[in-house]
Structure formats: structure tokens, C-alpha cells
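Coordinate inspection notes
What follows is the residue order along each chain.
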Amino acid sequence: MPSRTNTAPAPASAKTSAAVAATADAALILTFAAIGRDAHQRGDVIAGVLLTAWPFLAGAAIAWLVLRLWRAPLSVWPAGVAVWIGTVALGMLLRALTGQTVVLPFVIVALLSLGIFLVGYRLILAGIHRLAGRRRRR
């Protein structure tokens, strides 16, 4: 006779969720920078990606700290939207302050790309969570 014990993994702790979300955010920001560098055929791959990414990584870190996003790090709202807007706004500000290029087409591309990346994976996780909840209620 099959057991009726729930074999689903226990929910991740808040610290684990925050670490996963922060790591995913950083990885996706680095991916954004790498894709952009590759699209423009710029050399010096590793240092170049880090040079492009650091303002956005700093913007994301500031958003995480100021808005205390670790409280619900995988939520679409407010965490996903806040880290997205914070990453782009503060990243562009830091780029401008350090003499890096800030032109409207780049701002638009960054808004769209980082929105898809930083909010997108949270939307996917929310959808998976919702589907899992429906299946458990059946």
C-alpha cells in the first residue's frame, strides 16, 4: 500500500531563498553584460564583462539592501520589480558617474533585458508554485 506521507521537499529557508535569489540575480546581470559585450564584439572577455556589469551589480546590491529584499526574495512584487528597477536606475547612474556610455538605446535594451531576466525567473517560479499548489489540492 502506498504511503500517504508527503514526499515533497520542505520549503527552503529564508536564508537559502535569499542566497538563491541573490546568486541568480548576479548571474543574470553577468549574463546580460556578457551578451551585450559579445553582440558588440568587444575583446577582453572576462575583464570586459566585469567592467560592464559592475554598475548593475552594485545597483542590484543597493536595491537588495535598501529595500530589504531578503524578506521575500523570490516574489515578483516587490522583490523582482524592485531589483529590476534598482539595477537599471542605479546601474545607469553609476555608469554616468564613471564616464561609461549611457545612451537611450542602451537604457531601453537594459530595461527590457534585465526586466525579462530579473522578473522573468520569478514569474516562472511563481507559476510553478501555483501549479504545484493546485495539484496538492486535488
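Definitions and limits used
Residues numbered from 1 in each chain as written. Predicted model: local features only at pLDDT ≥ 70, side-chain atom pairs only at ≥ 80, totals over all residues. Heavy atoms only, no water. pLDDT = per-residue confidence, 0-100. Contact = heavy atoms within 4.5 Å. Helix = DSSP H or I, 4+ residues; strand = E, 2+ residues; numbered from the N terminus. Expected span 1.5 Å × (residues − 1). Bend = angle between axes of the 7 residues up to and from the residue. Phe/Tyr/Trp six-rings, centres within 6.5 Å; stacked < 30°, edge-to-face > 60°. Buried < 20%, exposed > 50% of the residue type's maximum accessible area, 1.4 Å probe, protein only. Patch = residues over 30% accessible without salt bridge, like charges linked within 9 Å, V, L, I, M, F, W, Y side chains within 5 Å. Areas by Shrake-Rupley, 256 points an atom, 1.4 Å probe, with all protein chains shown as cover. Salt bridge = Lys/Arg side-chain N within 4 Å of Asp/Glu carboxyl O. Core = buried A, V, L, I, M, F, W, Y, C linked by side-chain atoms within 4.5 Å. Axes fitted to C-alpha atoms, helices over the stretch in contact; angles between N-to-C directions. Parallel < 35°, antiparallel > 145°, perpendicular 65-115°, else oblique. Left-handed = near helix turned anticlockwise from the far one by under 90°. Nonpolar A, V, L, I, M, F, W, Y, C, P; charged D, E, K, R; others polar.

1. Regarding the confidence of the model for the chain
- Averaged over all residues, the pLDDT of the chain equals 90, while 91% of them reach at least 70.
- For residues 1-10, every residue scores under 50 in pLDDT, and the model assigns this stretch zero contacts once sequence neighbours within four places are set aside.

2. Some thoughts on helix α2 (residues 45-66)
- With 22 residues, α2 should cover 32 Å at 1.5 Å per step; its first-to-last C-alpha distance of 31 Å lies within 8% of that length.
- Most pronounced at Ala-53, the bend in α2 amounts to some 45°, and the proline Pro-55 follows within four residues.
- Where the residues of α2 are buried, they touch α1 (14-39), α3 (76-97) and α4 (104-137).
- Arg-68 sits one or two residues past α2 and shows a positive phi near 50°.

3. Re the packing of aromatic side chains
- Counting across every chain of the model gives three aromatic pairs.
- Relative to Phe-56, the ring of Phe-32 has its centre 5.6 Å away and its plane inclined at 90°; by these criteria the two rings are edge-to-face. With Phe-32 in helix α1 and Phe-56 in helix α2, the pair connects residues that are 24 residues apart, well separated along the chain. The same class applies to Phe-32 as to Phe-56, namely buried.
- Ring centres of Phe-56 and Phe-106 lie 6.1 Å apart, and the angle between their planes is 70°; on these two criteria the pair is classed as edge-to-face. Highlighted residues: Phe-56 in helix α2 and Phe-106 in helix α4, separated in sequence by 50 residues.

4. A word on a nonpolar patch on the surface
- On the surface, Ile-62, Leu-65, Val-66, Leu-67 and Trp-70 cluster together into a nonpolar patch covering about 500 Å² of accessible area.
- Within the secondary structure layout, Val-66 lies in helix α2.
- For Val-66, a relative accessible area of 62% corresponds to the exposed category.

5. Concerning unusual backbone geometry
- Geometrically, the link from Trp-77 to Pro-78 is a cis peptide bond, its omega value of 5° lying close to zero.
- Residue placement: Pro-78 occurs in helix α3.
- One non-glycine residue, Arg-68, adopts positive backbone phi at about 50°.
- Relative to the elements of secondary structure, Arg-68 occurs in the loop between α2 and α3.

6. Some details on the nonpolar core
- Counting 20 residues, the largest nonpolar core has Ile-29, Phe-56, Trp-64, Leu-69, Val-83 and Leu-114 as its most contacted members.
- Leu-114 has contacts with Ile-29, Phe-32, Phe-56, Trp-84, Thr-87, Val-88, Val-109 and Val-119, leaving out every residue within four places of it along the chain.

7. Some points on the packing of α3 against α4
- The N-to-C vectors of α3 and α4 enclose an angle of 155°; their axes lie 9 Å apart at closest approach. In terms of axis orientation, α3 runs roughly antiparallel to α4. Regarding α3 and α4, the two cross each other, and that crossing is right-handed. Residues Val-76, Ala-79, Gly-80, Val-81, Val-83, Trp-84, Ile-85, Thr-87, Val-88, Met-92 and Arg-95 of α3 form the contact with α4, whose own contacting residues are Phe-106, Val-107, Ala-110, Leu-111, Leu-114, Gly-115, Leu-118, Val-119, Arg-122, Leu-123 and Ala-126.
- For the contact of α3 with α4, the class distribution of residues is 17 nonpolar, three polar and two charged.

8. Comments concerning the packing of α1 against α2
- The geometry of α1 relative to α2 is characterised by a closest axis approach of 9 Å and an angle of 145° between their N-to-C directions. When you trace α1 past α2, the crossing you get is right-handed. For the pair α1 and α2, contact is made by Ala-18, Ala-21, Ala-22, Asp-25, Ala-26, Ile-29, Leu-30, Phe-32, Ala-33, Ala-34 and Arg-37 and by Gly-48, Val-49, Leu-50, Thr-52, Ala-53, Phe-56, Leu-57, Ala-60 and Trp-64, respectively.
- A class-by-class count of the residues in the contact of α1 with α2 yields 16 nonpolar, two polar and two charged.

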